[in-house]
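Breakdown of the fold
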Amino acid sequence: MNASQMIRLQLNGQTVEALPGETLLQVAQREGIDVPHLCYKAGLEAAGNCRACVVEVEGERTLAASCCRQAVAGMVVHTDSTKAIAAQKMVLELLLADMPNHANPKALKTDNELTHWCQQMDIEGSRFDARAAVPADLSHPAIAVNMDHCIQCTRCVRACRDVQVNDVIGLAFRGEHAAIVFDQGDALAQSTCVACGECVQACPTGALSPAKAAAHQPADKTVDSVCPYCGVGCQLTYHVKGNTILRVEGRKGPANEGRLCVKGRYGFDYVHHEQRLTQPLVRREGVTKNPVDLLDPEQVNSAFRPATWDEALALIAGRFKQIKSTHGGHALAGFGSAKCSNEEAYLFQKLVRTGFGTNNVDHCTRLCHASSVAALLEGIGSGAVSNPVMDVNQAEVIFVIGANPTVNHPVGATWIKNAVKNGAKLIVADPRRSDLARHATHFLQFKADSDVALLNALLHVIIEENLIDREFIEQRTEGFDDLKANVSACTPEAMSSLCGISPAELRAVARLYATSSASIILWGMGISQHTHGTDNARCLISLALITGQIGRPGTGLHPLRGQNNVQGASDAGLIPMMYPDYQQVCNPEAQQRFEALWNTPLSNTPGLTVVETMQAILAGTVKGMYILGENPAMSDPDLNHARKALAALDFLVVQDIFLTETASLADVVLPASAFPEKTGTFTNTDRLVQLGQQAIDPPGQARQDLWIIQSIAQGLGLDWQYNSVEKVFDEMRRAMHSIEGITWQHLQREHALVYPCAHEGDIGQAVVFTEHFPTPNGKARLVPARYRGAAETPDSEFPFVLITGRQLEHWHTGSMTRRASVLDAIEPEPTALLHPEDLKALNIEAGNTIRLQSRRGEIQLFARADTGTPPGHVFVPFCYAEAAINKLTHAALDPDGKIPEFKYCAIAVHKKQGKP
């Protein structure tokens, strides 16, 4: 903006400048002038209802609320006139009257904004009578409600309704009876509150505050870091006292702008859980591994004995060397983790490739987005997202399919809901009805497993009605004629019976998506976790390409990453057929490049994936494994089979922070560092490389993961001398063109930089594929897909369809969140979600114990009524060890992505008595 557009005004006798639309309070704050304010908070729409920020404007009869009044050229404003100061003090004193201990503001919480302003304005007490006491609501595990402290500033209402768009908190009644309420005046624990804590972060008086007493203690230090959970990559701040995390607050980061969800805000105290591993453990002689009745973490000493680090590391090196010399390097394998940093992922895969001498290395992306990555690499030459999630704010149409962002990516979901409130059209397609559906212009509750039929119908309409971008197709794609021929018979009428959506609705959605100025597609594991997951993703890619809805802000393709570093772990090479930066291990040039970089001969044979490794163990070809932070004894399909395989290994090393289900089957368990106990980089779903910083020290003899990986490498004879995280990152930059412009020093300054970033000092490229695709000829490839069904379908013996996934309060296999006190208090028991009609037909009431059975296993858990789950289907989260749903799931694989079919298998539902 040039100088001529600036507004000049007088503020407390000084000439100042303001931007058009800027308020007087914003101008004063920028000029370093303190004006008391309580209802105003940056990021929330101004309300002007507390009147603490009133100022005097010359020529006006009344005082003006500076948070609402915009600056006007020539305006003369006084924030410190006698009249303004008197009014500000009177407002603060009136508000103070409603506080407990109102006669002594110094007795109130020191982090209370009202107390702060009273002390700033030398107000020592209130002359006014207090209102009648309001009983506290302490029903919720996360949030304490003390309406005795409420000044009805409505910051909580705006945070809940405008920011998070959860629509739980409201202002009810009128006049002296006005009150903040949850839903219809419910207790907080009985309301629809999702405990995101945005209201707590917004509240200026402590009327809404953390329920845990420890959260109110003063901190010794604050440490800026990143959330350890989903792929959104929210930035946060740890408040630490001694070696204990007291509380977490959202920080203004590129992906979250200060927002958090229930896991990010309250799911931190797992790091202090009494079951943390604090010393190396070695399996006792004669104690066999039982894959059926896994070891209880409380009984760890019955199967393991403590060991020194020297003993444990020597044992590991000796056994791995023995297996390699006897059976060859391909008899060893490693599973890394998307919970670990980029540096840890990079060193882990390097260890497997150079120390073990094999490409048998994989991680959990094989179980979530492997098919998406396979289709993206095939179609557009890159497995990364094209646009950040926040680009939904620039989209006219948002298409969410096979994903439940309000549960799996809650902060990302807020951007979608914000965009809809600002006028964007939302299409939601999913077999289950999620909370996001209430915001949708079109909700397509299609039949499970019919994704290709649905998407081919949309492609047919777009081509038939000439809604394509012909210029984009001709200049930037290839294979259109084959795609057109493939979908020629996929009319909405023909596909409607397969997918369950009316032809009229299919046509309306196709037209809306194709004709908008900017359409973006976001998808989740509902697309990828099928034997036809790659085909599902191929259809979505074709949808974007034939309409030209890619390569611009507000458009593109975005597979939402489930774990905090799935993108980074994949980029760093935790994939059996690819080196870092998705360079094929069978490509001679790539092999030579990494042999030179690592000074070691490398195998050009693609390694085994997660499920293939389990099969190879039982076939006797894989003998030893090193598992870092992964829990396949909970996350793999057909768990009884997977656990049997893990128990059959000659030698298993597990490095983790708890005795997980997988660790209970190990020969050696190494105590690792939790997320807040280490420094490293993490790449979120937007390709944003962010710096996570150590806030506390690991307990006991637990060690940094990088130190452990390097120690094992040295035991295998590798001359590794990485004395810092920075040194590992610098080697990664040499290995990966995508991040070579990102320096450690730049990250320390900025905390977050997006890739691709080719040159030092660049900010990176948030939107990619703007002019060409990273394919040999620069063009994207349109790949046709034909409808085919699941590997297993319901029958008379197993008449229900099982769908698995995550739930809001818990994450992945639950090893962390089940040990986070607030999260486990909110959702402590395993439940299966069934439609009320199914419960009635089975003579089952909500809360009854039921037995779910498939051809592979059975579990028991509680029934919960859910109208969002379609009749004939059952949804179960996979985070409960006592009801491990993956005992039932099918291990059939997508032929391209090698991903299991978690989202569809046949089960039976039986009523049982008593507790699970």
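Residues numbered from 1 in each chain as written. Predicted model: local features only at pLDDT ≥ 70, side-chain atom pairs only at ≥ 80, totals over all residues. Heavy atoms only, no water.

1. Observations concerning the packing of helix α4 (residues 155–163) against helix α12 (residues 410–421)
Look at α4 against α12: their axes get within 9 Å of each other, and the N-to-C directions meet at 85°. Classified by the interaxial angle, the pair formed by α4 and α12 is roughly perpendicular. Contact residues: α4 offers R161, D162 and V163, while α12 offers T414, N418 and K421. Classifying every residue of the contact of α4 with α12 gives one nonpolar, two polar and three charged. (Axes fitted to C-alpha atoms, helices over the stretch in contact; angles between N-to-C directions. Helix = DSSP H or I, 4+ residues; strand = E, 2+ residues; numbered from the N terminus. Parallel < 35°, antiparallel > 145°, perpendicular 65-115°, else oblique. Contact = heavy atoms within 4.5 Å. Nonpolar A, V, L, I, M, F, W, Y, C, P; charged D, E, K, R; others polar.)

2. Observations regarding unusual backbone geometry
Cis peptide bonds are those with omega within 30 degrees of zero, and the linkage from Y755 to P756 qualifies with 5°. Note on placement: P756 falls in the loop between β30 (752–754) and β31 (780–781). In this structure, N599 is a non-glycine residue whose phi angle is positive, near 55°. By the secondary structure assignment, N599 is in the loop between α21 (588–598) and α22 (610–619). In the Ramachandran plot, D638 falls in the positive-phi region, its phi being about 50° despite a non-glycine side chain.

3. Side note on the sheet that holds strand β11 (residues 235–241)
Adjacent strands of a sheet form backbone hydrogen bonds with each other and so pair up, either parallel or antiparallel. The strand order across the open sheet formed by three strands is β10-β11-β12, and the pairing between neighbours is antiparallel. Sheet topology places β10 (221–226) and β12 (244–250) at the edges, where each strand pairs with a single neighbour. Within this sheet the neighbouring strands show an average axis-to-axis angle of 30°, counted without direction. Across six bridges, β11 lies against β12 in antiparallel orientation. Bridged to Y238 within β12 is V248. (Pairing = 2+ DSSP bridges.)

4. Regarding the packing of α22 against helix α24 (residues 639–648)
Direction vectors running N to C along α22 and α24 enclose 55°, while the axes themselves pass 9 Å from each other. When the axes of α22 and α24 are compared, the pair comes out oblique. Like other packed secondary-structure pairs, α22 and α24 cross with a definite hand, here left-handed. Facing α22, whose interface residues are M614, Q615, I617 and L618, α24 presents H641, A642, K644, A645, L646 and A648. Split by residue class, the contact of α22 with α24 holds seven nonpolar, two polar and one charged. (Left-handed = near helix turned anticlockwise from the far one by under 90°.)

5. Some points on the packing of aromatic side chains
Applying the stated criterion across every chain yields a total of 15 aromatic pairs. Between the aromatic rings of W309 and W707, the centroid separation amounts to 5.2 Å while the plane-to-plane angle is 90°, which identifies the pairing as edge-to-face. Taken together, the residues span a long stretch of sequence, with W309 in helix α8 (residues 309–327) and W707 in helix α25 (residues 705–715) at a distance of 398 residues. With relative accessibility at 7%, the residue W309 sits in the buried group. Residue W707 is classed as partly exposed on the basis of its relative accessible area of 37%. Measuring from ring centre to ring centre gives 5.5 Å for F320 and F651, while their planes differ by 80°; the resulting arrangement is edge-to-face. Residue F320 is found in helix α8, and its partner F651 is found in strand β26 (residues 651–656); the two are separated by 331 residues along the sequence. Residue class for F651 comes out buried when judged on its relative accessible area of 1%. (Phe/Tyr/Trp six-rings, centres within 6.5 Å; stacked < 30°, edge-to-face > 60°. Buried < 20%, exposed > 50% of the residue type's maximum accessible area, 1.4 Å probe, protein only.)

6. Some points on the pattern of salt bridges
Tallying each qualifying case throughout the model produces 37 salt bridges. For the salt bridge of E17 with R8, the shortest nitrogen-to-oxygen distance reads 3.0 Å. Overall, the relative accessible area of 31% leaves E17 in the partly exposed class. The residue E792 makes a salt bridge to R855 at a minimum N-O spacing of 3.2 Å. Residue E792 is found in the loop between β31 and β32 (800–805), and its partner R855 is found in the loop between β34 (849–853) and β35 (858–865); the two are separated by 63 residues along the sequence. One continuous salt-bridge network, built from bridges that share partners, spans E378, D535, R538, R788 and D896. (Salt bridge = Lys/Arg side-chain N within 4 Å of Asp/Glu carboxyl O.)

7. Topic: helix α15 (residues 480–487)
A turn of α-helix holds 3.6 residues, and therefore any two residues three or four places apart point the same way. By the burial criterion, the buried members of α15 are F480, L483, N486 and V487. Looking straight down α15, one finds its buried side chains confined to an arc of 125°; they lie on one side. Of the residues in α15, the exposed ones pointing more than 90 degrees away from the buried face are D481, D482 and A485. The elements touched by buried residues of α15 are α13 (451–464), α14 (470–476), β20 (477–478) and α19 (533–546). (Arc of directions from axis to C-beta.)

8. As for empty space enclosed by the protein
Over the atoms, a rolled probe matching the size of one water molecule traces out where space is still vacant. For the coordinates displayed, the defined rule picks out 14 cavities of 30 Å³ or more. There is about 190 Å³ of room inside the largest cavity. What lines the largest cavity is a set of 18 residues, and nearest its centre among them are K339, D656, I657, S673 and K678. A breakdown of the residues in the lining of the largest cavity according to their chemical character gives nine nonpolar, five polar and four charged. (1 Å grid on protein atoms, 1.4 Å probe; cavity = no way out; pocket = protein on both sides within 12 Å on 5 of 7 lines; lining within 4 Å. Points joined across faces, edges and corners; volume = space filled by probe spheres on them.)

9. Points about the sheet that holds strand β27 (residues 668–671)
The seven strands are arranged β14-β13-β27-β26-β25-β15-β16 in an open sheet whose pairing can be described as mixed. On the outer flanks of this sheet lie β14 (304–306) and β16 (361–362), each paired with one strand and no other. As paired elements, strand β13 (residues 281–283) and β27 share two bridges and run antiparallel to each other. Along β27, the bridge assignment pairs L281 with V669. Running at roughly 145° to strand β15 (residues 332–335), α22 makes contact with β15, β16 and β25 (624–628) of the sheet. Those strands touched by α25 are β25, β26 and β27, and its axis lies near 160° from that of β25.

10. Here we look at the environment of L833
Structurally, the position occupied by L833 is in strand β33 (residues 831–834). Through-space distance from the C-alpha of L833 to that of N418 is 29 Å; in sequence the pair is 415 residues apart. Every residue in contact with L833, bar those within four places of it in the chain, is listed here: R432, R864, D866, T869, H873, V874 and F875.

11. Observations regarding α25
When you tally the buried positions in α25, you get eight out of 11 residues, the bulk of the element. For α25, the complete set of buried residues consists of D705, L706, I708, I709, Q710, S711, I712 and A713. Summarising the contacts, the buried residues of α25 are in contact with α8, α9 (342–356), β25, β26, β27 and α26 (725–735). Positive phi shows up at G717, right after α25, with a value of about 95°.

12. Structural notes on the nonpolar core
Within the largest apolar cluster, 59 residues are counted, with the highest numbers of intra-cluster contacts made by F320, L351, Y626, L670, I712 and I742. With seven residues, α9 is the single largest residue contributor to this core. The residues contacting L351, other than those within four sequence positions of it, are F356, Y626, I709, I712, A713, L716, L718 and W720. The next biggest cluster of nonpolar side chains, apart from the first, holds 56 residues, and it includes I427, L458, A544 and L782. (Core = buried A, V, L, I, M, F, W, Y, C linked by side-chain atoms within 4.5 Å.)

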